[in-house]
Amino acid sequence: MTRKNTESYTSTCCYCGVGCGVVVNKEKNGSITVEGDKIHPVNKGMLCSKGINLHHTVNDKTDRLLYPQMRYNKSMPMQRVSWDNALDRAAAVFKTFIDKYGPDSVAFYASGQCLTEEYYVLNKLMKGFIGSNNIDTNSRLCMSSAVVGYKKALGEDSVPVCYDDIELADCFYVTGANPAWCHPILWRRVEAHKAANPQIKIIVVDPRVTDSASIADLHLQINPGTDITLNHAIGRVLIENGDIDLDFVTNHAEGFEAYSELVFTKTVHNAALICGVSETDIRLAAKYIGNANGFISMWTMGLNQSAIGVNKNLSLINLNLITGNIGKPGCGPLSLTGQPNAMGGREVGGLSNLLPAHRDMANPMHRAEVQQFWGGATINPQPGLTATEMFEALNDGRLKAIWILCTNPMTSLPNVRLAEEALKKAKFVVVQEITNRSECLPYADVILPAAAWAEKEGTMTNSERRISYLNKVIDAPGEALPDAEIICRFAKKMGYKGFDFKDAAAIYAEHVKLTEKTNIDISGLSYEILKERKTVQWPYKKKSALHGTPRLFADKKFYTPSAKAIIHAVPDELTSEMPDARFPFILTTGRIRDQWHTMSKTGKVNKLNQHYPQAFLEIHPTDAEALQISEGDVAVITSKRGEVQVKAKISTQIKQGVVFLPMHWGKVLGNDLNRANNLTSDKIDPMSKEPDFKFCAVRVEKY
Ligand code: SF4
């Protein structure tokens, strides 16, 4: 594409999992501008506040890392070195630890913002050549409960729905999510659908009155953590009302009897008391769902980031299954991916318990297939360390070296002060980054400068399985390199064959070949096809339709051994850290509209910083009055793990007894008292290993 005085390239927004198409214009002076791609099927030209300001993050190079740096011990200053010096050193240290302590003494911690090609080579290097499964990403903090939920209910980590189902649905159940702020363009589609069809019903479940709740027909302002109780109660009313799909639960699902028995053990009245909502509202929600021809459930971190995250997911998916709202137009469970390519990462097996193309690590045949394809080391059948486990292992000395790329765990991990101590104890730390503002850099032995969005090519997959190609538009500054190239250069320094890729297209070609004959088969796909068709949805086999497969399970055959979906009768016990006399409030954390993750990109944009210039504590007026806290007073929030000091924002939009902190702020000028994760609990879901970011006990005092 060209415009006068500019060259224009298509790409995909690198923030949330909605996956909006953008057109990146390269101006004559070398800077870029960004606009929404008017013919992109996801956003049709629209962009949210973050997407429309993307170019500022690329044009402002003042914080960019420009060349490799290294030091021989942590008391010495960093020195500029060549790429060869830096990678030789990293390879020598990794080899020493692997020889002395075994392959599990090293780890890679990456990101759901990595491109699929980057994920692929990293996973291949670690699982296929180093011989350890210690590769995990910050997707563990984000979507891993949904992954396990889908696998247990549908037999595979497969989102059945496409965004075009939004305009076909007549009931939305939005729970543990604030898409008006966190997935804005997707929400614009829901809003437009509601505006054109006022009779459709929107139910929002959230302890806070969010912007998403403002258009809801029904807002269930539940007590934090009571999601399963609520979903079971709605399931019970659906059964009582006869609003279930008998054919589906009899012929295409298993487990309905046990589920039915379980949900009838609690009255709707008792469930309402536990959830802190009225029985009438629970019955109304069930009526809306029961009356719908097309019912979509939508969720994200409120369900996933929980010590019972998998069970929360299952209790929600159950509502789609018992009503037969799956595999048909306008219905299904739609998990909203937090990051732009968490889905692509899962495709290549980029978590410590996965193998490429959704293969199962515990399955010897699956391991053999991948091993034979890669021709490297024997694949270890034991899952590797997950995100939080890596930092525990650094703390107790099991893990000697960690390579952190494209993520900022010193802000984003739960109980983050413990993670800081762990990184101090690490024998060797490599940080692969774009910005000199990463809080990991003070701990690094080697710093590797990486190319940013628009400075490299590759692919990403959004929440609806839609794969997009991202053009390289400009060169990276200084000596920064694309992440995939850095990993391949390192693999060659380690002496491994199989990393001599000519370009990103060659990596992609190898990746798609490995998906052949799996449920996510994209073996028919290439860069040429993606460039020509813009986007496709997997599966995309050799003879797939033009744009792939919009919707899964139309034949009602699931990926389970029986080919039936599984309705799980999950318990509703909450295992989070409960409030007590010393810590009487429940703290929940979350995102704000104009910031992204740990602000390394959005924090550079003045316009975006104006929405909320600093961290704050949202607290109910009754609680604030009891604590003699007025609007703008500094509040001290303390948990068993640490403290935060931020200004109070008094609001009736939060439940009494619950307080909210945004998760974006880390250390500001060396001060970490804005950092929500000083407080959060390191409890994790036992199945998904996802942390309990949304629930811990705190005390609040006036400063
Ligand atoms: Fe980017 Fe998400 Fe906004 Fe779309 S909705 S422009 S993908 S941040």
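Up top is the structure.
All of these numbers come straight from a predicted model, not from anything done at the bench.

Conventions and cut-offs
Residues numbered from 1 in each chain as written. Predicted model: local features only at pLDDT ≥ 70, side-chain atom pairs only at ≥ 80, totals over all residues. Pairing = 2+ DSSP bridges. Helix = DSSP H or I, 4+ residues; strand = E, 2+ residues; numbered from the N terminus. Contact = placed C-beta atoms within 7 Å. Axes fitted to C-alpha atoms, helices over the stretch in contact; angles between N-to-C directions. Parallel < 35°, antiparallel > 145°, perpendicular 65-115°, else oblique. Nonpolar A, V, L, I, M, F, W, Y, C, P; charged D, E, K, R; others polar.

1. Here's the deal with the sheet that holds strand β7 (residues 106–110)
The pairing of strands in a sheet comes from backbone hydrogen bonds and takes either a parallel or an antiparallel form. Spatially, the 7 strands line up as an open sheet ordered β6-β5-β19-β18-β17-β7-β8, and their pairing is mixed. Each edge of the sheet is formed by a strand with only one pairing partner; in this case those strands are β6 (79–80) and β8 (135–137). Pairing of strand β17 (residues 401–405) with strand β18 (residues 428–433), which is carried by 5 bridges, proceeds in the parallel orientation. Along β18, the bridge assignment pairs Ile 404 with Val 431. Contacting β7, β8 and β17, helix α17 (residues 387–396) runs over the sheet at an angle of about 140° to β7.

2. Here's the deal with the packing of helix α8 (residues 227–240) against helix α10 (residues 256–263)
As a packed pair, α8 and α10 sit with axes 9 Å apart at the nearest point and diverge in direction by 105°. In terms of axis orientation, α8 runs roughly perpendicular to α10. Judged by residue contacts, His 232, Gly 235, Arg 236 and Ile 239 of α8 engage Tyr 259, Ser 260, Leu 262 and Val 263 from α10. Grouping the amino acids of the contact of α8 with α10 by side-chain chemistry returns 4 nonpolar, 3 polar and 1 charged.

3. Quick notes on the sheet that holds strand β13 (residues 295–299)
With parallel pairing, the 5 strands of this open sheet are ordered in space as β11-β10-β9-β13-β14. The open sheet has two free edges, formed respectively by β11 (218–220) and β14 (332–335), since each of these has just one partner strand. With strand direction ignored, the average angle separating the axes of adjacent strands in the sheet is 15°.

4. A few points about the environment of Leu 65
On the secondary structure map, Leu 65 appears in the loop between α2 (54–59) and β5 (69–70). With 372 residues separating them along the chain, Leu 65 and Arg 437 place their C-alpha atoms 9.2 Å apart. Those residues in contact with Leu 65 that sit more than four places away from it in its chain are Glu 433, Ile 434, Thr 435, Asn 436, Ile 447, Pro 449 and Ala 480.

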